[in-house]
Amino acid sequence: MERIRLGRTGMAVPRLGFGGIPIQRLSDEDSVALVKRCLDLGVTFLDTANAYSTSEERIGRGIAGRRQEVILATKSLARTPGDLEGHLKLSLERLGVDYVDLYQLHGVSDFKSLDAVLDPNGVLATAEAAKKAGLVRHIGITSHQIDVAKKAVQTDRFETMMFPFNFLTPEAADELLPLCRRHDVGFIAMKPMAGGMVENASVAIKFLLQFPDIVLIPGMERIREIEEIVAISGGPREMTEADVREMEAMRKGLGATFCHRCDYCQPCSAQIPISLVMTAKSFQKRLPPERFFGDMIPPAIKKAAECTDCGDCEERCPYNLPIRQMISEQCEWFEEERRKYEGKIGCA
Ligand code: SF4
Ligand code: SF4
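Quick look at the structure, then. (Residues numbered from 1 in each chain as written. Chains lettered and ligands numbered in written order. Predicted model: local features only at pLDDT ≥ 70, side-chain atom pairs only at ≥ 80, totals over all residues. Heavy atoms only, no water.)

1. Quick notes on the pattern of salt bridges
And step 1. Scanning all chains against the criterion turns up 28 salt bridges.
And step 2. The closest approach of N and O atoms between Glu175 and Lys150, which form a salt bridge, is 2.7 Å. Here the residue Glu175 occupies a position in the loop between strand S8 (160-164) and helix H7 (176-182), and Lys150 occupies one in helix H6 (residues 146-154), the gap between them amounting to 25 residues.
And step 3. Between Glu335 and Arg338 there is a salt bridge, with its nearest N and O atoms 3.0 Å apart. In this pair, Glu335 and Arg338 both sit in helix H16 (residues 323-347), three residues apart, roughly one turn of the helix.
And step 4. Salt bridges sharing common partners tie together Asp28, Arg58 and Arg61. (Salt bridge = Lys/Arg side-chain N within 4 Å of Asp/Glu carboxyl O. Helix = DSSP H or I, 4+ residues; strand = E, 2+ residues; numbered from the N terminus.)

2. Some thoughts on the pairing of strand S7 (residues 136-142)
And step 1. Counting buried positions over the seven residues of S7 gives six, a clear majority of the element.
And step 2. Here strand S6 (residues 100-105) runs beside S7; their pairing, made up of five bridges, is parallel. Across the sheet, Gln104 pairs through a bridge with Gly140, a residue of S7.
And step 3. Across three bridges, S7 lies against S8 in parallel orientation. Bridged to Gly140 within S8 is Thr160. (Buried < 20%, exposed > 50% of the residue type's maximum accessible area, 1.4 Å probe, protein only. Pairing = 2+ DSSP bridges.)

3. Let's talk about helix H9 (residues 223-234)
It helps to recall that an α-helix has 3.6 residues per turn; residues three or four apart then point in one direction.
And step 1. Taking 1.5 Å of rise per residue, the twelve residues of H9 would be expected to cover 16 Å, and the 17 Å separating its terminal C-alpha atoms lies within 8% of that figure.
And step 2. Every buried residue of H9 is listed here: Glu225, Ile226, Ile229, Val230, Ile232 and Ser233. Projection of H9 onto a plane perpendicular to its axis shows the buried side chains occupying an angular sector of 160°, all on one side. More than 90 degrees from the buried face of H9, the exposed residues found are Arg224, Ala231 and Gly234.
And step 3. Those residues of H9 that are buried lie in contact with helix H1 (28-40) and helix H8 (201-209). (Expected span 1.5 Å × (residues − 1). Arc of directions from axis to C-beta. Contact = heavy atoms within 4.5 Å.)

4. What about the pairing of strand S9 (residues 186-190)?
And step 1. Among the five residues of S9, five are classified as buried, and the element is accordingly described as predominantly covered.
And step 2. On S9, burial covers both faces: Gly186, Ile188 and Met190 on one face and Phe187 and Ala189 on the other are all buried.
And step 3. The pairing of S8 with S9 spans five bridges and is parallel. If you follow Met161 over to S9, its bridge partner there is Phe187.
And step 4. With H7 bridging S8 and its parallel neighbour S9, the resulting β-α-β unit is right-handed.
And step 5. The pairing of S9 with strand S10 (residues 214-216) spans three bridges and is classified as parallel. Looking at the pairing, Phe187 lines up with Ile214 of S10. (Right-handed = clockwise from strand over helix to strand, strands pointing away.)

5. Let's talk about the packing of H8 against helix H10 (residues 241-254)
And step 1. Axis separation between H8 and H10 bottoms out at 10 Å; the angle between their running directions is 105°. Considered as vectors, H8 and H10 are oriented roughly perpendicular to each other. In contact with Val203, Lys206 and Phe207 of H8, H10 contributes Asp243, Glu246, Met247 and Arg251.
And step 2. Considered class by class, the residues forming the contact of H8 with H10 number three nonpolar, no polar and four charged. (Axes fitted to C-alpha atoms, helices over the stretch in contact; angles between N-to-C directions. Parallel < 35°, antiparallel > 145°, perpendicular 65-115°, else oblique. Nonpolar A, V, L, I, M, F, W, Y, C, P; charged D, E, K, R; others polar.)

6. Section: the sheet that holds S9
And step 1. One open sheet holds the eight strands; their spatial order is S3-S4-S5-S6-S7-S8-S9-S10, and the pairing between them is parallel. In the strand order of this sheet, the two ends are held by strand S3 (17-19) and S10, each with one partner. Ignoring which end each strand starts from, the neighbouring axes of this sheet average 25° apart.
And step 2. Contacts from H6 reach S7 and S8, with the element oriented near 170° to S8.

Next up, the structure:
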């Protein structure tokens, strides 16, 4: 597996890392087997978070006895020093290690949060104290908002930046990535498959491999997925004309605004599964109609009708999506599709 220098951390990190969100959906046994397979394939940069429920513990079990092989990254949403200390302690326990290689301040996506993080009494100072104490080797930050991310890089207080980067949301390439290079900040591409919106792994991975100094952390939940992605990264990297055509078709098909399924808009006071409603069209392509129009989407659409119009979700969406309007359009679209489906059944 090819390695790159991850900015000023100086760490030699494999280009392909492991995103630790999806293993939450697996059984204990399957998740541990997946982590072990990653290590065997050279995917030894593992990223997780305090907020990803079982992920840290499962990764910890997968790397047991192999600490020296791995570069461990985790993160915390804490915004007070006491909470951050508690999160770090818990991460070390769950992972079963004495230190983590990269500790990231998680989801700093507005200027107020960035200012609070940077405050002399804020969580960055706590993370820096943990670094001095040897609990953390390097400190990074993650964000979904490009202007906040740029400002964070310019402070020269962070060694890495994790930001969404894929061919559907490629804006990091314009200014953020060059800025990271100038400040020697390592760049980690989150959501390389656009949060599951891109099904063609080859196009998605090849697009990112055009950038020689970034690490990608696809979230994977099946051994065959990681094997496929490792094979793609080891094969020819140039994008063919067919790849470019497919990329353009997908960009066109999804439009300028789409839901990244990050769920930062939650919790919704009406318990609406917002990301499921917003991305219902992608399920229609992947599920048999009996399932799609059966127990999968209708309950979510029914819930969506209970929206109170409070707007709280829009305040939290890092992509500034007009969620209420999009939900309402999705409901109309779904009812239309359901009518067509019932019409077909009736004719059969
Ligand atoms: S506007 Fe609707 S969807 Fe958004 S948080 Fe409020 S109730 Fe939930
Ligand atoms: S609506 Fe916004 S915050 Fe919610 S899942 Fe989609 S992209 Fe994320």
